[in-house]
Amino acid sequence: MSKEKTKTDSKKTNPKKIALPQGEVQRGAGGELHQTGEGTQHSVLTTNQGVALSDNQNSLRANPRGPTLLEDFILREKITHFDHERIPERIVHARATGVHGFFELTASLKQYTTARILTEIGEKTPVFTRISTVAGGAGSVDTPRDVRGFAVKFYTKEGNWDLVGNNIPVFFIQDAIKFPDLIHAVKMEPDRGFPQSATAHDTFWDFISLTPESMHMVMWIMSDRTLPRSLRMIEGFGVHSFRLINKAGESTFVKFHWRPKLGLQSTLWDETVKIAGADPDFHRREMFEAVQAGNFPEWEFAVQLFTQEDADAFPFDHLDPTKLIPEELVPLRVIGRMVLDRWPNNFFAETEQVAYCPANVVPGIDFSNDPLLQGRLFSYLDTQLSRLGSANFHQIPINAPKCPFANHQRDGHMQMAQPTGRVAYEPNSLSQDSPRETPTKGFRSAAVPEMGEKSRIRAESFADHYSQARQFYLSQTAYEQAHIASALVFELSKVEHVHIRETMVGHLRHIEEDLACRVAMGLGLAKIPTAPIPAAPVQDLPPSPALQLIGKMKNILMGRCIGILIADGSDGTVINRIKKAAMDEGASVKIIAPKVGGAKLADGSLLAADGQLAGTPSVLFDAVAVLLSGDGAKTLCMESAAIDFVRDAFGHLKAIGFDKGGAALLQAANIGQDAGVVDVNKKDAFIAAAKTRQWEREKSVRMLA
Ligand code: HDE
């Protein structure tokens, strides 16, 4: 026996004792503490076979310091399950936030469809909505410049309807066959494994510069639409045209829209970059806090309805997913609302395992011939088979319809159902109550004639790649145009290959010469590159103000968050006044102090902070107030986090409220006066300023392209 072993065998476990209130803790065999509480009843911890565990802290060993025994079925079961906890993340849209809620119809489309969910006014249908980024992995940050997926599963009485859309009404490509290339180009480059969740790299812009049909989408993704302030403040679009089918079998084309009750709101690029560092879960946390606080996000549901004759008169092909139908051409009809009011019980079980599929429609809704949609009808079911691992994924509670469902599909991995009886086929004469087809009520496709020659030729009507991109750009305000130009300069500056930068600027010339010049100058190109020959002449379409983001912002505090920076000696009366005024308008308020324990106010009371200054920068708020005593200001003038707090708020065009001490900090940070920098003692001035961004300030803080 070795010396070592003799020594250790005689060693006794002697855990350090910590004084804790009697009756609230039990000490386990290894010294670990179990919170129990006097008289509390606990459920029994068991294996997956239902065997109660006597010890969940120590594996079975030959002796206290000896080898672990293979016999330990408890250890093996626990570790094996753990080893298999992950499933493949979604190839796209891996990072997301999901919330339960309901849809309520407010206007009937009975004339157009038999789908009950669109005909019964007042009926509430449960939904599960998942909002995602596209390019990053499941653990990536919430705020890259990226499209947001907007997927809604309606658990209707006639089966599940999935509307799997985005927060942008058009897409990059016109044909599903290009999708793997697009995604390979945007994802991290395969040789180096970066960048994660970013379009600003060579392979993305290489693909885009060689794909003129993506130019309209490029205008959208370079706009602030891809930098949402909150998931509660984005629009959603079904993107493709679908069909509604009525009782007579007549069909009408439809585009679906979600419009947020809080209006649209985005962040600025510099702010977005800093949010990613300050809180990688910014959007998920914000949604969680809103739902927990009862501030349920809400969207209007609207449709654009049009006939084949209307479509024939459009100056574009509505089957082309790189085109939208301007609201000015076909107005939106609001027909319902969606409220998200319940956070999932378990992220994995619900948000991760939910399986959307654009092919999930109900009788009365049908597909159009949009070639991208046609490809999607195949892709989603296929991806679930590898992601969720079994053809029975529809039985997972989050995916199962809430109406009865029955058929003769049987068996397979992880079969949860136990069908009875002898019959698993149709037609049959042996079972009177086995499921049968229902010719009158069952799903029917629109009876549309199709003829022509099979080919791999793109329709001529898909050839115009620039007109709507131009229409989008020209419809924006000057601020938004400057942001688009600057985003292009930022992104293309990250592209190493000069010829890719030049090809992109060449495309921009078809969108707007001035845009091309601004980007060329921003990139420091020696001359404006030649524009490629367009496949179809560029049309001058009328501007569509509905395409603006700024035009859809609301000057409200509802859903916004105000940060109040305090320190020892701050005046509690002023803090309370500002806090109350903001909360009365529906804002949430967070107190920031040098220490999270709080600050000792002028009256000697202690005010606990919601965030420590160093970890809670102003990028996390929509407006800030700096309420300091003279001494407090003196201390914070020496603190770079405090200087950054106000400098960033100013640079990000936010309202800044100040009192006398706050003014000293602003002075130390070199912040001048403007309409958004307001004395909190001027009645209502700060609250009014906090409702909007100070767009006018931008030219004084940033050189935009
Ligand atoms: Fe998707 N897409 N997609 N997509 N998509 C997926 O399905 C695909 C497209 C969208 O929260 C995948 O379950 C193809 C357009 C959303 O779970 C996959 C094509 C639009 C989500 C897939 C498209 C979308 C996905 C990956 C070109 C807007 C997330 C995981 C034909 C209208 C849904 C999954 C969720 C997810 C394929 C294009 C929206 C691989 C082949 C256009 C919101 O099946």
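Parameters at a glance
Residues numbered from 1 in each chain as written. Predicted model: local features only at pLDDT ≥ 70, side-chain atom pairs only at ≥ 80, totals over all residues. Heavy atoms only, no water. Helix = DSSP H or I, 4+ residues; strand = E, 2+ residues; numbered from the N terminus. Expected span 1.5 Å × (residues − 1). Buried < 20%, exposed > 50% of the residue type's maximum accessible area, 1.4 Å probe, protein only. Contact = heavy atoms within 4.5 Å. Near = heavy atom within 4 Å. Polar contact = N/O pair within 3.5 Å; in protein donor to acceptor, adjacent residues only side chain to side chain. Nonpolar A, V, L, I, M, F, W, Y, C, P; charged D, E, K, R; others polar. Donors = N, O, S within 2.8 Å, 3.2 Å for Na, K, Ca; no water. Salt bridge = Lys/Arg side-chain N within 4 Å of Asp/Glu carboxyl O. Domains from an automatic or database assignment. Pairing = 2+ DSSP bridges.

(A) Region of interest: helix α12 (residues 478-493). With 16 residues, α12 ought to run about 22 Å at 1.5 Å a step, and its terminal C-alpha atoms sit 22 Å apart, in line with that. Counted residue by residue, α12 has twelve buried out of 16 residues, so it is predominantly covered. Taken residue by residue, α12 has Glu480, Gln481, Ala482, His483, Ile484, Ala485, Ser486, Ala487, Leu488, Val489, Glu491 and Leu492 as its buried positions. Among the structural elements, α4 (202-209), α5 (215-222), α11 (467-475), α13 (498-511), α14 (513-523) and α20 (698-701) are those in contact with the buried residues of α12.

(B) How the structure looks around the site of the ligand. Neighbouring the ligand are 23 residues, the closest being Arg90, Arg130, Ser379, Tyr380 and Gln384. Interatomic distance of 2.6 Å between a side-chain N/O atom of arginine 130 and an oxygen atom of the ligand. Elements with a contribution of two residues or more to the shell around the ligand: β5 (148-156), β6 (159-166) and α10 (371-387). Of the residues that constitute the shell around the ligand, the class distribution is twelve nonpolar, eight polar and three charged.

(C) Representation of the coordination of the iron atom of the ligand in the model. Within the protein, a single donor atom binds the iron atom of the ligand, namely Tyr380 (OH) at 1.8 Å. Structurally, the position occupied by tyrosine 380 is in helix α10.

(D) Structural view of the pattern of salt bridges. Counted by the stated rule, this structure contains 40 salt bridges. Here lysine 261 and glutamate 298 are joined by a salt bridge, their closest N and O atoms 3.7 Å apart. With lysine 261 in the loop between β9 (251-260) and α6 (269-278) and glutamate 298 in strand β10 (residues 298-306), this residue pair connects regions lying 37 residues apart in the sequence. Judged by relative accessible area, which is 52%, lysine 261 ranks as exposed. Put simply, arginine 697 and aspartate 674 hold a salt bridge, and the shortest N to O gap is 2.6 Å. Within this pair, whereas arginine 697 is found in the loop between α19 (685-690) and α20, its partner aspartate 674 is found in the loop between α18 (660-668) and β20 (677-679), the two being separated by 23 residues in sequence. Its relative accessible area of 3% is what places arginine 697 among the buried residues.

(E) Here's a closer look at the domain arrangement of the protein chain. Each assigned domain of the protein chain is listed here: domain 1 (3-44), domain 2 (80-395), domain 3 (466-551) and domain 4 (558-701). Computed from C-alpha coordinates alone, the two centres of domain 3 and domain 4 are separated by 38 Å.

(F) Representation of the sheet that holds strand β18 (residues 623-626) in the model. Strands sit in the order β17-β14-β13-β18-β19-β20 across an open sheet of six strands; the sheet is parallel. Edge positions in the open sheet fall to β17 (611-612) and β20, since each of these has one partner strand only.

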